Amino acid sequence: ELKVEQNPLFLSMQEGKNYTIYCNYSTTSDRLYWYRQDPGKSLESLFVLLSNGAVKQEGRLMASLDTKARLSTLHITAAVHDLSATYFCAVDRYGATNKLIFGTGTLLAVQP
Amino acid sequence: KAGVTQTPRYLIKTRGQQVTLSCSPISGHRSVSWYQQTPGQGLQFLFEYFSETQRNKGNFPGRFSGRQFSNSRSEMNVSTLELGDSALYLCASSPGIPTYEQYFGPGTRLTVT
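Keep in mind that what you see is a predicted model, and the values were worked out from it rather than measured. (Residues numbered from 1 in each chain as written. Chains lettered and ligands numbered in written order. Predicted model: local features only at pLDDT ≥ 70, side-chain atom pairs only at ≥ 80, totals over all residues. Heavy atoms only, no water.)

> Is there a simple way to explain the overall build of chain A in this structure?
Helix and strand counts for chain A come out as zero helices and eleven strands. Dimensions along the principal axes, computed over C-alpha positions, put chain A at roughly 45 × 30 × 20 Å. Counting only residues that meet the buried cut, chain A has 46% of its 112 residues in that class. Within chain A, contacts between residues separated by at least 24 positions form 55% of all contacts whose residues are at least 6 apart in sequence. Roughly 5,500 Å² of accessible area belongs to chain A as shown, and the carbon and sulfur atoms make up 50% of that amount. Averaging the locations of the 11 positively and 10 negatively charged side chains of chain A gives two centres separated by 4 Å. (Helix = DSSP H or I, 4+ residues; strand = E, 2+ residues; numbered from the N terminus. Buried < 20%, exposed > 50% of the residue type's maximum accessible area, 1.4 Å probe, protein only. Contact = heavy atoms within 4.5 Å. Areas by Shrake-Rupley, 256 points an atom, 1.4 Å probe, with all protein chains shown as cover. Lys, Arg positive; Asp, Glu negative; His and termini not counted. Charge placed at Lys NZ, Arg CZ, Asp CG, Glu CD.)

Printed below as a string of structure tokens:
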């Protein structure tokens, strides 16, 4: 059974600091997704990582994928308050496309 | 291009009742997936429909069912509601082939009393 774990579950950081959220998954997977969710809102797609070594960046967020280690990271650079949200990683597999298995989520609180 | 729409946005039901939620995907998208989000269980996959056929199914009891119409709109139904069914129900739209990204709707907040 495919399982996805994220850590930390909660992250309080100061503006201007850097930090990394980790996403581990239990079996071979084909695609890794990162989503953002603001309180009471839906999921916003951030990144889709399709292959080993993939790296994508958008603003202060950078995501990478290591399929051999079954690990993805979401790196936050010089955090700002607007990044406060819950971040989810998710995976799916060929043969079960669009069946996303989500991690537990990381609640990020950026303090001024 | 209009996004994914879900109706209703909020719903209050009583235990034992049934409920139907609706999802209209992005125009041209043929795949609709449904997810349940609760504080305790997180985000869980319910099922996916593609071209009116259920293509994938999660580990939910038979009280949870769905369907997709020829215009790709989808409905999910929950019968004999239980308190634990209180959740945010999200649907996601995808082109179908290739399917590397899903676009989520605003969700339906269901409260069972």
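> I'm lost on the overall build of chain B in this one. Help?
If you tally the helices and strands in chain B, you get zero helices and eleven strands. Reading the secondary structure of chain B in the N-to-C direction produces β-β-β-β-β-β-β-β-β-β-β. The globule rule puts the C-alpha radius of gyration for 113 residues at 13 Å, and the 13 Å found for chain B is close to it. Over its C-alpha atoms, taken along the principal directions, chain B stretches across nearly 40 × 25 × 25 Å. Per-residue burial over chain B gives 50% buried out of 113 residues. The long-range share in chain B, meaning contacts at least 24 apart out of those at least 6 apart in sequence, stands at 54%. Across chain B, the centroid of the 11 positively charged side chains sits 4 Å from that of the 6 negatively charged ones. (Rg over C-alpha atoms; globule rule 2.2 N^0.38 Å.)

> What's the story with the interface of chain B and chain A in this structure? I'm lost.
Accessible area lost upon the coming together of the parts serves often as the stated size of an interface. Tallying the contact residues gives 20 residues for chain B and 19 residues for chain A. Taken together, the links from chain B to chain A amount to zero salt bridges. Remark: the boundary between chain B and chain A carries six residue pairs in polar contact (both at pLDDT 80 or more). Element by element, the count of residues in the side of chain B that touches chain A is highest for strand 4 (residues 31-38) of chain B, at four residues. (Salt bridge = Lys/Arg side-chain N within 4 Å of Asp/Glu carboxyl O. Polar contact = N/O pair within 3.5 Å; in protein donor to acceptor, adjacent residues only side chain to side chain.)

> Please explain the pairing of strand 11 (residues 108-112) of chain B as it appears in this structure.
All names here are of chain B. Here strand 11 shows a buried face lined by T108, L110 and V112 and an unburied face lined by R109 and T111. In this sheet, strand 11 lies alongside strand 9 (residues 87-94) in antiparallel orientation, the contact comprising three bridges. Paired with Y89 across the strands is T108, a residue of strand 11. (Pairing = 2+ DSSP bridges.)

> How should I be thinking about a nonpolar patch on the surface in this particular structure?
Judged by side-chain polarity, L9, F10 and L107 of chain A come together as a nonpolar surface patch covering roughly 300 Å² of accessible area. Mapped onto the secondary structure, L9 of chain A falls in the loop between strand 1 (4-7) and strand 2 (10-14). (Patch = residues over 30% accessible without salt bridge, like charges linked within 9 Å, V, L, I, M, F, W, Y side chains within 5 Å.)

> Hey, could you run me through the nonpolar core in this one?
Note on soluble globular proteins: their nonpolar side chains tend to be buried together. Residues and elements named next belong to chain A. Judged by nonpolar contacts, the single largest core of 25 residues is most densely connected at L32, W34, L74, I76, Y87 and L108. For this core, the secondary structure elements donating two or more residues are strand 2, strand 3 (19-25), strand 4 (31-37), strand 5 (43-49), strand 7 (61-66), strand 8 (71-76), strand 9 (85-93) and strand 11 (106-111). Per-element tally for this core: the top contributor is strand 9, with four residues. Setting aside its immediate chain neighbours within four residues, I76 contacts M13, K17, N18, Y19, I21, R60, L61, L83 and L108. (Core = buried A, V, L, I, M, F, W, Y, C linked by side-chain atoms within 4.5 Å.)

> When you look at the packing of aromatic side chains in this model, what are you seeing that I'm missing?
Aromatic rings in a pair are described by how distant their centres are and how their planes are angled relative to each other. Residues and elements named next belong to chain A. Evaluated as defined, the whole model comprises ten aromatic pairs over all chains. Aromatic pair Y35 and F102: ring centres 5.9 Å apart, planes at 45°, arrangement tilted. In this pair, Y35 sits in strand 4 while F102 sits in strand 10 (residues 96-102), placing the two residues 67 residues apart along the sequence. Here the two residues Y35 and F102 agree in accessibility, since each one is buried. (Phe/Tyr/Trp six-rings, centres within 6.5 Å; stacked < 30°, edge-to-face > 60°.)

Everything listed here is a matter of coordinates, which is why it stays silent on function.
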